[in-house]
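Single-letter residue listing:
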Amino acid sequence: MKPIISYEECMRDSPKFRDALEENHANLDDLEIKLEKVLKNCNLTIDAGKTYLGFQNNLVQSMLQVSMHFKGDPAVSQALNKVANSLQETIKYHSILIDQTSRSVSRSLNNFLKKDLKQVKDSRQHFDKISADLDTALARHAQAPKNSNKNQVDETSNVLIATRSCFRYTALDHLYTISLVQSKKRHEILDPLLSYMHAQSTFFHQGSDLFQDTDPFLKNIGSEVTQLREETNALERELGNRHSVVTSKDLVPMLKSETLNGTRMEGYLFKRTTSPFKTWNRRWFAICSSQLIYRKRTGDREGTIMEQDLKLCSVRPLVDIDRRNCFEVISPTKSHVLQADSEEMFQVWIQAIQDEIGAAMQLMLSSRSSSGQSLASNESPRSNAKDSQNSSHSTTDILAVAGNDRCCDCSAENPEWASINLGITLCIACSGIHRSLGVHVSKVRSLTWDKWDGEVAQVMVSLGNAIVNSIYESKVDTASDLCKPQPDSTQQVRDAWIQAKYVKKLFVDHRWAGDENLLQEAVIIPESGQVDPNWLLSKGAETGQIVWIARALALYADRNTTSGNTQERAPVHLAVLNGSVTLLQYLLLNGAKINTRDAAGKTALLLATELGLPAQVGLLLKNRADQKIADNDGNTPLDVAVKTANADIVSFLRISRLTDEMRETEFGEAGDDTFQEMVRDFLR
Amino acid sequence: MGTRDDEYDYLFKVVLIGDSGVGKSNLLSRFTRNEFNLESKSTIGVEFATRSIQVDGKTIKAQIWDTAGQERYRAITSAYYRGAVGALLVYDIAKHLTYENVERWLKELRDHADQNIVIMLVGNKSDLRHLRSVPTDEARAFAERHSLSFIETSALDCTNVETAFHNILTEIYRIVSQRPMHDSPDEDSPPGNSGPIQISPTEPNAGSKSNCCKA
């Protein structure tokens, strides 16, 4: 590469020099325009690339969302995740490429344009100016008249010499600048383009490597897609003859002896509402794990348990009704009228329910002989009958009490029975003997089958086998021929023991084993030197010590004793004053007279009313306390409740009275329910 | 309330609801005892009274429940509505707020009462003409929109009290008695062993024991 023209031509400022300049100027202008175009397009490419990457990123994100949709389908979700990850990698490569484009091409070219070409322009401007100056100087010099004085001539010629000298320097500089740029442009343009190409090359290489890696996986997906498509085709073929299943008949399910997931039978039935209007609703019923459950067609995921335990139910056809194919499911407390769609369905449903009842009974019997774990497994959907759910809850609580995991009398495991007045749990064999003692000694209930009121369960929870045996077996005479039964003991052994323990109370230690301090204030029986059980009973009721009451009862205390208080208050009065529902319930279960009057003629009910204790009032009414008994001033509980404006108690008393009056009429049963439900709501 | 001795064909439970002071208790006492007490105090808890009327030769016994309007007793809300087949939703024509609260009482009915309960909107105290703040037409339109029956009463001067109870009991009777008759139009000699089916607000005994057959 040479300078664009020889120095000589430059020094002479020849037309050739000027032509060369002209030509180079035009050449560089052209380059500038073209490079600017390149730069502009390059910047547009970068911007478009960034936009593209943004969208590409969004695309990947949305694909990841789709993969979330296939959460339960690992085949599809994993493939989608991998595809998205690969795409994310390519996005990364792409963004590197764009970055390099912007750095190498855009910035270098910009540099060349803004610095080098600008320099040429500046230099050209300067050269033009100096050239004009020289022309002026030349003209002046030439214009100097012949006869002018020497000084004048000298001056112009000096100016000319200086200007020419300046011009020559400038022209040479300009020549230098142009020549350099002309030379420089060749690599300054190629270089950025080369690095751009390098960047492109890297980009494609990285992509190629990536896809080489994912190739097996992509092939895998390919074959999977084929397989999935075949599956769809197969499904389509299978569904092709769907219409062949359409029949005009009812779909009558076959009854299976084996139940599937515990569901024996399900389908639609009409259910007569229990409201007075007796409307019929169509519901989806299922017989499942000894329960009868129904739900609405839509919007009712949980369903409602119609009967918690079919063991306790029976089913019978209903002829005495205006609709066809009706049957009735009867439980101890309720009756449900259901209607099947056809005669066949009607038969199948009755059969299914009977089968389930049979199976449930069978299950219960076999589980009892093995290990009997039917109790704690009642964690199922919300129950229609609130109390039955409560009962499963409270029986679990009862079994959790110390000692209650084994029969109180023979220590057999998993007792399923209870004596509610004694507060103990029993095995079936011992419960049979307890029953034979009479309800004045032991009131037996089933932990599984019976409905448990919260207050009664609370009594059970407050006592338990450990506490009760610490009283009733506090003085076991090992020398005696009576010995505590074992789980496998005979009926005779159990019978003898239970009689001795609860009726004769042979093993109760009469000596006071409790708090010594209490002996200070206790009433002592002179003959024996022991604490008076009547005093203990009153004290227990007064201070809320249920264990003292249990002990006093074991020592033959008078349940209605008025010992130790001037107002002649019986334990029921004292329990009301104490405010404990459990205590009151315990006394009532153990035969305390509910209508006893104190010195002022007040019954426990009247006292509870005066004190404004609706829970106690509810409990007493539930246990059939007589609300007509007035005190010595002639006030009945209702009078007192109205006077004290206690709305809850007024309502209890009035509804209870209504219930009593209606009891013998047809309305009685519903009235009873209303009252029971109200008290239950309140005691809860 | 001697309910044991008297005979009736149907027993309907009807509840009185509405804001405090609209005159529910006086409507009840006017209908059942023909009494009115201008000085009556707020009701405490629940009260009920019964009266029997004749419809189509049948004796209908109404058991009417009344409670204080101002408070919701937690223990009795569900007991109050349980088994109710009719509701008189009472407001005071001279107190606009008691009319505005009718919507709230309708919601309470929806939440607690049977879905088929027959509801009658009752504008009480129609004797207070000069103090009226709820126009009859407006209340009637409201009742129509919500498919309620509508009547204006005055427990004080007896206007329409009898009619109100009579109408709602008749309406309930029509609904309850018609249902079982679709299949056996001839009520007096039905086929088979069933007499006219006794409908009472009780549930489980969907039985056929009827008083007219006992006699």
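With an unreviewed UniProt entry as reference, chain B is termed Ras-related protein Rab-11A, source organism Daphnia pulex. Regarding chain B, the relevant UniProt record gives this comment under Subcellular location (unreviewed entry): "Recycling endosome membrane". Under the Sequence similarities (unreviewed entry) heading, UniProt states for chain B: "Belongs to the small GTPase superfamily. Rab family."

An unreviewed UniProt entry lists chain A under the name Arf-GAP with coiled-coil, ANK repeat and PH domain-containing protein, from Daphnia pulex.

Draft legend 1. Region of the structure containing the overall build of chain B. Along its length, chain B carries 7 helices and 6 strands. Its helices and strands in sequence order give chain B the pattern β-α-β-β-α-β-α-α-β-α-β-α-α, from N to C terminus. The buried share of chain B, taken over its 215 residues, is 53%. Sequence-distant contacts in chain B: of pairs separated by 6 or more residues, those separated by 24 or more amount to 72%. When the accessible surface of chain B is summed, it comes to about 10000 Å², and 47% of that surface belongs to carbon and sulfur atoms.

Draft legend 2. Looking closely at the overall build of chain A. Counting secondary structure elements, chain A contains 20 helices and 10 strands. Across the 684 residues of chain A, 45% fall into the buried class. Contacts spanning at least 24 positions in sequence make up 63% of the contacts within chain A whose residues lie at least 6 apart. Roughly 36300 Å² of accessible area belongs to chain A as shown, and the carbon and sulfur atoms make up 52% of that amount.

Draft legend 3. Representation of the sheet that holds strand β8 (residues 417–419) of chain A within the structure. Residue and element names in this part refer to chain A. Overall, antiparallel pairing links the 3 strands, which are arranged β9-β8-β10 in an open sheet. On the outer flanks of this sheet lie β9 (424–426) and β10 (444–446), each paired with one strand and no other. Between one strand axis and the next, the sheet turns by 35 degrees as a mean value, whatever way the strands run. In this structure, β8 lies alongside β9, joined through 3 bridges in antiparallel fashion. Residue pairing for β9: Ala418 is matched across the bridge by Thr425.

Draft legend 4. The packing of helix α15 (residues 581–589) of chain A against helix α17 (residues 614–622) of chain A, seen in detail. Residue and element names in this part refer to chain A. The N-to-C vectors of α15 and α17 enclose an angle of 20 degrees; their axes lie 10 Å apart at closest approach. Considered as vectors, α15 and α17 are oriented roughly parallel to each other. Our pair here, α15 against α17, has a crossing hand that is right-handed. On α17, the residues touching Val581, Leu584, Gln585 and Leu588 of α15 are Ala615, Gln616, Leu619 and Leu620.

Draft legend 5. Representation of helix α8 (residues 454–462) of chain A in the model. For α8 of chain A, every residue scored as buried is listed here: Glu455, Val456, Ala457, Val459 and Met460 of chain A. Positive phi appears at Gly464 of chain A, one or two residues downstream of α8 of chain A, with a value of about 105 degrees.

Draft legend 6. Geometry of helix α14 (residues 571–578) of chain A. Buried residues dominate α14 of chain A, accounting for 6 of its 8 residues. Those residues of α14 of chain A that fall on the buried side of the exposure criterion are Pro571, Val572, His573, Leu574, Ala575 and Val576 of chain A.

Draft legend 7. Focus on the pattern of salt bridges. Residue and element names in this part refer to chain A. For the coordinates displayed, the defined rule picks out 31 salt bridges over all chains. Measuring nitrogen to oxygen at the nearest pair gives 2.6 Å for the salt bridge that ties Arg316 to Glu328. Of this pair, Arg316 sits in strand β5 (residues 314–318) while Glu328 sits in strand β6 (residues 326–330), and the two are 12 residues apart along the sequence. Here Arg569 ties to Asp598 by a salt bridge, and the two come within 3.1 Å at their closest N and O atoms. Note that Arg569 is positioned in the loop between α13 (546–554) and α14 and Asp598 in the loop between α15 and α16 (604–610), a separation of 29 residues in sequence. A relative accessible area of 6% means that Asp598 is categorised as buried.

Draft legend 8. Expanded view of the pairing of strand β3 (residues 58–67) of chain B. Residues and elements named next belong to chain B. β3 sits mainly inside the fold: 9 of its 10 residues count as buried. Bridge count for strand β1 (residues 10–18) against β3 is 6 bridges, and the pairing is parallel. The partner of Val14 across the bridge, within β3, is Ile64. Strand direction decides the pairing type here: strand β2 (residues 46–55) and β3, joined by 10 bridges, are antiparallel.

Draft legend 9. Seen up close, unusual backbone geometry. Residue and element names in this part refer to chain A. Of note in this structure, Ser290 is not a glycine but carries a positive phi near 65 degrees. Position of Ser290 among the secondary structure elements: in the loop between β2 (280–288) and β3 (291–295). Residue class for Ser290 comes out buried when judged on its relative accessible area of 14%. Positive phi, normally seen in glycine, also occurs at Glu568, with a value near 55 degrees. Take Glu568: it is sitting in the loop between α13 and α14.

Draft legend 10. Up close: the sheet that holds strand β4 (residues 84–92) of chain B. If you trace the 6 strands from one edge of the open sheet to the other, you get β2-β3-β1-β4-β5-β6 (chain B), paired in mixed fashion. With one partner strand each, in any of the chains shown, β2 and β6 (149–152) of chain B form the two edges of the open sheet. Between one strand and the next, the sheet's axes are offset by a mean angle of 25 degrees, whatever the strand orientation. Strands β1, β2 and β3 of chain B of the sheet are contacted by helix α19 (residues 647–662) of chain A, whose axis makes an angle of about 35 degrees with β2 of chain B. Docked against the sheet, helix α6 (residues 161–178) of chain B engages β1, β2, β3, β4, β5 (118–124) and β6 of chain B, running at close to 130 degrees with respect to β1 of chain B.

Draft legend 11. Structural context of the confidence of the model for chain B. Residues and elements named next belong to chain B. Taken over all residues, the pLDDT of chain B has a mean of 81, while the share at 70 or more is 77%. Counting interchain partners and residues more than four positions distant, the pLDDT-below-50 stretch residues 1–5 has 12 contacts. Note on residues 180–215: pLDDT under 50 across the span, and 51 contacts to partners over four residues away in sequence or across chains.

Draft legend 12. Representation of the confidence of the model for chain A within the structure. When pLDDT is averaged along chain A, the result is 84, and 91% of the positions lie at 70 or above. Below a pLDDT of 50 lies the segment residues 371–391 of chain A, which in the model reaches 42 contacts outside its immediate sequence neighbourhood of four places, other chains included.

Draft legend 13. Structural view of the packing of helix α1 (residues 24–33) of chain B against α6 of chain B. Residues and elements named next belong to chain B. In contact at an axis separation of 9 Å, α1 and α6 are set at 85 degrees when each is read in the N-to-C sense. Judged by the angle between their axes, α1 and α6 are roughly perpendicular. Here Leu27, Arg30 and Phe31 of α1 lie close against α6, whose contacting residues are Val161, Glu162, Phe165 and Leu169. For the contact of α1 with α6, the class distribution of residues is 5 nonpolar, no polar and 2 charged.

Draft legend 14. Fine view of the packing of aromatic side chains. All names here are of chain A. Under the counting rule described, the total for this entry stands at 16 aromatic pairs over all chains. Considering the side-chain rings of Tyr268 and Trp284, the 4.9 Å spacing of their centres and the 75 degrees angle between planes classify their relative orientation as edge-to-face. In this pair, Tyr268 sits in strand β1 (residues 263–272) while Trp284 sits in strand β2, placing the two residues 16 residues apart along the sequence. Accessibility expressed as a relative area gives 23% for Tyr268, which makes it partly exposed. Looking at Trp284, the relative accessible area reads 29%, which means it is partly exposed.

Calculation criteria
Along each chain, numbering runs from 1 in the same order as the chain's sequence is written. To label them, take the chains in the order written and letter them from A, then take the ligands in the order written and number them from 1. Owing to the predicted nature of the model, reporting of local features is limited to residues with pLDDT of at least 70; listing and counting of side-chain atom pairs is limited to 80 or more, with chain, interface and lining totals taken over all residues. Where side-chain values are given, they derive from all heavy atoms of the structure, hydrogens and water being excluded. UniProt positions are given in the numbering used here, feature names are shortened, and annotations may be inferred rather than shown by experiment. Secondary structure elements follow DSSP: runs of H or I of four or more residues count as helices, runs of E of two or more count as strands, with numbering from the N terminus. We call a residue buried when its accessible area falls under 20% of the maximum for its residue type, exposed when it is over 50%, and partly exposed in between, using a 1.4 Å probe and counting protein chains only. Any two residues whose heavy atoms approach within 4.5 Å at even a single point are treated as in contact. For the area figures, the Shrake-Rupley method with a 1.4 Å probe applies, and any residue is considered shielded solely by the protein chains shown. Paired strands, as defined in this entry, are two strands with at least two bridges between them according to DSSP. Lines fitted to C-alpha atoms define the axes here, with helix axes fitted over just the stretch in contact, and angles between the N-to-C directions of these axes take values from 0 to 180 degrees. To sort the angles, those under 35 degrees are grouped as roughly parallel, those over 145 as roughly antiparallel, those from 65 to 115 as roughly perpendicular, and the leftovers as oblique. Here a crossing is taken to be left-handed if its near helix is turned anticlockwise relative to the far helix by less than a right angle, and right-handed if that turn runs clockwise. Here a salt bridge means any side-chain nitrogen of Lys or Arg lying within 4 Å of a carboxyl oxygen belonging to Asp or Glu. pLDDT is a per-residue confidence score from the predictor, ranging from 0 to 100. Any residue outside Ala, Val, Leu, Ile, Met, Phe, Trp, Tyr, Cys, Pro, Asp, Glu, Lys and Arg is labelled polar, Gly included; the first ten of those are nonpolar and the last four are charged. Aromatic pairs are defined between Phe, Tyr and Trp rings, using the six-membered ring for Trp, whenever the two ring centres lie within 6.5 Å; interplanar angles under 30 degrees are classed as stacked, those over 60 as edge-to-face, and all others as tilted.

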